[in-house]
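Here's the letter readout for the chains.
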Amino acid sequence: MEAAVAPSCARTSLAALSSLSLPRWARLPIIPTASCPSIASSPRTPVSPKNLCCRASLAADPRVPVAETKKTHVEETADMESFSLLNLSPLDGRYVQKVKDLRPIFSEYGLIRYRVIVEVKWLLKLSQIQEITEVPSFSSEAQSFLERIIREFDINDALAVKKIEKVTNHDVKAVEYFLKQRCKSCPEVAKVLEFFHFACTSEDINNLAHALALKEACNTVIFPVMIELCRTIRDMAKENAHVPMLSRTHGQPASPTTLGKEMANFAVRLSEIGKTFTEVQILGKFAGAVGNYNAHKVAYPNVNWPRVAAEFVRSLGINFNPYVTQIEPHDYIAKLFNAVTQFNNILIDFDRDIWSYISLGYFKQITKAGEIGSSTMPHKVNPIDFENSEGNLCLANAVLSALSMKLPISRMQRDLTDSTVLRNLGVGLGYSLLAYRSSLQGIKKLQVNEFRLNQDLEQTWEVLAEPIQTVMRRYAVPEAYEKLKELTRGRVVTKESIREFTEGLDLPQETKSLLLDLTPQSYLGEAENLAMVIDDAVDLENGFKLL
């Protein structure tokens, strides 16, 4: 194993990516850019996980050292597009710019980085347990050395781990060996190398790595965009609170509303889902091979291992689950993803309604110079952002639902089916993020067409049948409903025919005048007020967070 982690390979250059398990035609040398500098030039130059943006070229010669390769901006852009042509998933190809914030979290790099965090923190925890005399308290210098491994972990470190994994064929063990090799240069830590991964099963490391990834992804990437979406729809509600709009139930004309009130409905629904996220407890386990601290108790019988495990897991910002098998049962992931799925369902409803309103002409779409709507019909301005959002939400929900149904099920004390499934946590959230940003992009292009909204209302005076028959009932006019049904159902109803019917009613003059003044545009009930007070109903401060 020593040969696999020799210093010469521990700092693998980015160019090595070009030959890792790729066919000859796809061996693309990685070209460092301003956001992904050449690590070959400095063995300890850290690469921020937020800027893992590397470009590859089909034309570049793999034999040319990375440091000697020079590219213009135009060439680098072409390189990036060439590389994206080889991606299996559109999340890493066509749509990468919209989901790139998730890549340092849910990529293979991200998973390795979180594993390193857990392994290093566990060694530090062991050094604080008085009964474990073999791991004395570290000096401040040794602690800083270990913390620096976490803080400066970069793409080269991840590549070194992957190279070790080629030999071990075990991803978690590769992380352990990587850390042992890295820590040989620190005398204090070098004395206790065998306490890396002490008493751990791989799932002790993995479940905490996935928990950290989910918490960071949701709190720093997914939830902020959800909040932006809710806020944008809420603002649409207030801005258009006064704009009358014909309702449609079963696709047919119904009692009028306002455009703002219909937007308010969605803002409230989405924000209510946001509150449920605070009810999800991100859970972790650290109890060994089958959840009973078997090896722990044999090695150190006098240590209160359940308490130590609980303290350690909570120190990572994760809630502790004491009742587990080899794995944390993933019930919290199912609960979290079910909530995301419901948020997505509501957004699908929103996308489809906006699509319909655009089709009816209630919204115009601001055009962008150079864009094409149809390859054969030059006039087309299609609602592509909302269609893109709807389609990606369907994909997101398919993945999230599959994860929610699969992950809580594991044979006896554990089978391996969850391992491969867990690698797709970022897929469902990635398609969700892509959809949210597509909806936001579409909303920015919308322009309310009040003329068309008013035109529809002017052509549907039959909607006043409801208030007229309701007032007639108040004054005990017999067969009120039936009389309005005879006047309106299946007939062309005009302003004049409604007025003529109303004037012939035996009602108090004041009441009759009120009905005569009523129009489809003014028959709005409390719609405008409900839209204007939307801030009272939409809480974006206390939801949308994993505690």
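Just so you know, these numbers come straight off a predicted model, no measurement behind them. (Residues numbered from 1 in each chain as written. Predicted model: local features only at pLDDT ≥ 70, side-chain atom pairs only at ≥ 80, totals over all residues. Heavy atoms only, no water.)

Turning next to the overall build of the protein chain. Within the protein chain, the secondary structure is distributed over 24 helices and eight strands. Counting only residues that meet the buried cut, the protein chain has 51% of its 547 residues in that class. Long-range contacts, defined here as pairs at least 24 residues apart, represent 80% of the contacts in the protein chain between residues at least 6 apart. Per element, the accessible surface of the protein chain, about 26600 Å² overall, is 53% carbon and sulfur. (Helix = DSSP H or I, 4+ residues; strand = E, 2+ residues; numbered from the N terminus. Buried < 20%, exposed > 50% of the residue type's maximum accessible area, 1.4 Å probe, protein only. Contact = heavy atoms within 4.5 Å. Areas by Shrake-Rupley, 256 points an atom, 1.4 Å probe, with all protein chains shown as cover.)

Along helix α18 (residues 450-458), the positions that sit buried rather than exposed are Leu453, Asp456 and Leu457. For α18, the angular spread of buried residues about the axis comes to 100°, placing them on one side. Considering only its buried residues, α18 is in contact with β3 (244-249), β4 (252-258) and β8 (446-448). (Arc of directions from axis to C-beta.)

A word on the nonpolar core. Note on soluble globular proteins: their nonpolar side chains tend to be buried together. Among the nonpolar cores identified, the biggest contains 155 residues, and Leu146, Val189, Phe286, Trp305 and Tyr436 are the most heavily contacted of them. If one sorts the elements of this core by residue count, helix α10 (residues 202-239) sits on top with 20 residues. With near-sequence residues (within four places) excluded, Tyr436 lies in contact with Ile222, Val225, Met226, Leu229, Val340, Phe343, Asn344, Leu347 and Leu393. (Core = buried A, V, L, I, M, F, W, Y, C linked by side-chain atoms within 4.5 Å.)

Bringing the side chain of Gln469 into the picture now. For Gln469, the position within the fold is in helix α19 (residues 465-474). Beyond its immediate sequence surroundings of up to four residues, Gln469 is in contact with Ala480, Tyr481 and Leu484.

Attention now moves to the confidence of the model for the protein chain. A residue-level look at the protein chain finds 83% of positions with pLDDT of 70 or above and a mean pLDDT of 86. Mean pLDDT across the secondary structure elements of the protein chain bottoms out at strand β2 (residues 55-56), with 32, and peaks at helix α5 (residues 108-126), with 98. Confidence over residues 1-70 falls short of pLDDT 50; this stretch has 120 contacts with residues more than four positions distant or in other chains. (pLDDT = per-residue confidence, 0-100.)

This brings us to the pairing of β3. Of the pairings in the sheet, the one linking β3 to β4 comprises five bridges and is antiparallel in character. The partner of Pro244 across the bridge, within β4, is Thr258. Following β3, the chain reverses through two residues before pairing antiparallel with β4; His250 in that reversal takes a positive phi of roughly 60°. (Pairing = 2+ DSSP bridges.)

Now for the packing of aromatic side chains. Describing an aromatic ring pair means giving the distance of the ring centres and the angle of the ring planes. Evaluated as defined, the whole model comprises 17 aromatic pairs. Between Phe198 and Tyr300, the aromatic rings sit 5.9 Å apart at their centres with planes inclined by 65°, giving edge-to-face as the arrangement. Of this pair, Phe198 sits in the loop between α9 (187-190) and α10 while Tyr300 is found in the loop between α12 (294-299) and α13 (305-315), placing the two residues 102 residues apart along the sequence. The residues Phe198 and Tyr300 share a single accessibility class, namely buried. (Phe/Tyr/Trp six-rings, centres within 6.5 Å; stacked < 30°, edge-to-face > 60°.)

Attention now moves to the pattern of salt bridges. Tallying each qualifying case throughout the model produces 29 salt bridges. Residue Asp418 is joined to Arg414 by a salt bridge in which the shortest nitrogen-to-oxygen separation is 3.0 Å. Linking Glu486 and Arg491 is a salt bridge whose minimum nitrogen-to-oxygen distance equals 2.9 Å. Accessibility expressed as a relative area gives 49% for Arg491, which makes it partly exposed. (Salt bridge = Lys/Arg side-chain N within 4 Å of Asp/Glu carboxyl O.)

Moving on, we come to helix α11 (residues 259-276). Look at α11: 27 Å from first C-alpha to last across 18 residues, which is about the 26 Å you get at 1.5 Å a residue. Those residues of α11 not exposed but buried are Leu259, Gly260, Lys261, Glu262, Met263, Ala264, Phe266, Ala267, Leu270, Ser271, Ile273 and Gly274. (Expected span 1.5 Å × (residues − 1).)

So, on to the packing of α11 against helix α14 (residues 331-360). Direction vectors running N to C along α11 and α14 enclose 170°, while the axes themselves pass 9 Å from each other. With respect to their mutual orientation, α11 and α14 come out roughly antiparallel. Contacts between α11 and α14 involve Glu262, Met263, Phe266, Arg269, Leu270, Ile273 and Thr276 on the former and, on the latter, Ala339, Gln342, Phe343, Ile346, Leu347, Asp349, Phe350, Asp353, Ile354 and Tyr357. Within the contact of α11 with α14, the residues separate by chemical class into 11 nonpolar, two polar and four charged. (Axes fitted to C-alpha atoms, helices over the stretch in contact; angles between N-to-C directions. Parallel < 35°, antiparallel > 145°, perpendicular 65-115°, else oblique. Nonpolar A, V, L, I, M, F, W, Y, C, P; charged D, E, K, R; others polar.)

The next thing to look at is the packing of α5 against α13. The interhelical angle for the contact between α5 and α13, taken along N-to-C directions, is 130°, at an axis separation of 11 Å. Taken together, the axis directions place α5 and α13 in an arrangement best described as oblique. Note that α5 runs across α13; the crossing there is right-handed. Along the contact surface, α5 presents Val118, Lys121, Trp122, Lys125 and Leu126, while α13 presents Trp305, Val308, Glu311 and Phe312. Split into classes, the residues belonging to the contact of α5 with α13 amount to six nonpolar, no polar and three charged. (Left-handed = near helix turned anticlockwise from the far one by under 90°.)

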